[in-house]
Amino acid sequence: MNARNPLYSRLLPLLLPLLFRSLKITVASQPEAAPMPTGAALFAFWHGKMIAGWLLARKLFAGRPVNAVVSLSEDGALLSGTLDRLGFSLIRGSSSRESAKVRDAIAGTLERGEVVAMTPDGPRGPHHSFKYGSIRLASETRTPFVFASIRYERAWRLGSWDRFEIPRPFSRVGVTLHHIELPEFSGEEELRRYSGQLSELFANE
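Remember, it's a predicted structure, so these values are computed and weren't measured experimentally. (Residues numbered from 1 in each chain as written. Predicted model: local features only at pLDDT ≥ 70, side-chain atom pairs only at ≥ 80, totals over all residues. Heavy atoms only, no water.)

Participant: In this structure, what is going on with the packing of helix α5 (residues 132–141) against helix α6 (residues 188–201)? I would like to understand it.
Facilitator: The packing of two helices is summarised by the inter-axis angle and the distance between the axes. Relative orientation of the contacting elements α5 and α6 amounts to 110°, with a least axis distance of 10 Å. Taken together, the axes of α5 and α6 are roughly perpendicular relative to one another. Regarding α5 and α6, the two cross each other, and that crossing is right-handed. Residues Y132, I135 and R136 of α5 pack against E188, L191, R192, Y194, S195 and L198 of α6. Counted by class, the contact of α5 with α6 contains 5 nonpolar, 1 polar and 3 charged residues. (Axes fitted to C-alpha atoms, helices over the stretch in contact; angles between N-to-C directions. Helix = DSSP H or I, 4+ residues; strand = E, 2+ residues; numbered from the N terminus. Parallel < 35°, antiparallel > 145°, perpendicular 65-115°, else oblique. Left-handed = near helix turned anticlockwise from the far one by under 90°. Contact = heavy atoms within 4.5 Å. Nonpolar A, V, L, I, M, F, W, Y, C, P; charged D, E, K, R; others polar.)

Participant: Quick question: what am I supposed to make of the layout of surface pockets here?
Facilitator: Which parts of space are left empty comes out when a probe the size of a water molecule is rolled across the atoms. Of the voids in this model, the second largest pocket is the one considered here, and its volume is about 210 Å³. In this structure, the second largest pocket is lined by 15 residues; those nearest its centre are K49, H128, E165, N204 and E205. Split into classes, the residues belonging to the lining of the second largest pocket amount to 3 nonpolar, 4 polar and 8 charged. (1 Å grid on protein atoms, 1.4 Å probe; cavity = no way out; pocket = protein on both sides within 12 Å on 5 of 7 lines; lining within 4 Å. Points joined across faces, edges and corners; volume = space filled by probe spheres on them.)

Participant: Where do I start with the pattern of salt bridges in this structure?
Facilitator: Pairs can form between side chains of opposite charge whenever their charged atoms are close. One pass over the full model with this rule turns up 8 salt bridges. Two residues, E114 and R112, come together in a salt bridge whose shortest N-O distance is 3.4 Å. Note on R112: relative accessible area 53%, which makes it exposed. Taking the shortest distance from any N to any O, the salt bridge between E165 and R157 comes out at 3.4 Å. Judged by relative accessible area, which is 11%, E165 ranks as buried. In this structure, a network of salt bridges that share partners links the residues K49, R157 and E165. (Salt bridge = Lys/Arg side-chain N within 4 Å of Asp/Glu carboxyl O. Buried < 20%, exposed > 50% of the residue type's maximum accessible area, 1.4 Å probe, protein only.)

And the structure:
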């Protein structure tokens, strides 16, 4: 896929909402009675489930600004153009490139009471592994952290590092929203241990 091909940037914003509307989505919460945050929130989903994840963020936080964290790669360029057309605000960068700038941008967005949507194992993995930065930031700012487990009943699966899935039209999709209360970490070792435990918990989601 050539991320710079203008055909993709024109078609994706049209095709993705059509695909999303065809899906039969059921949403549950853990804990069951947990309400969606009304102020600042970090909303996360795995990189391989982003087709439903991004549009789910728009649906769950309808009427509110949703900011998408997108990498500086060529695939990120394609994604950023698509998300921009779908009404997202963009925060460009990754944990390896301009990480301090990205962190400051996310922190400023949360201070304004807005929503930040991100893939905590992107843009290059490891697969289904939480990066420390997202966990640290949510903990330090005491921001509600919601992780969406997304399961497609029928999907095309690619051989990429993230095992990217494209849900088949009209497929059933089960979503569980995990409202995670993050602790305050006493140090880097505790943060890494907790992130590892969280990754193991949602490894098969």
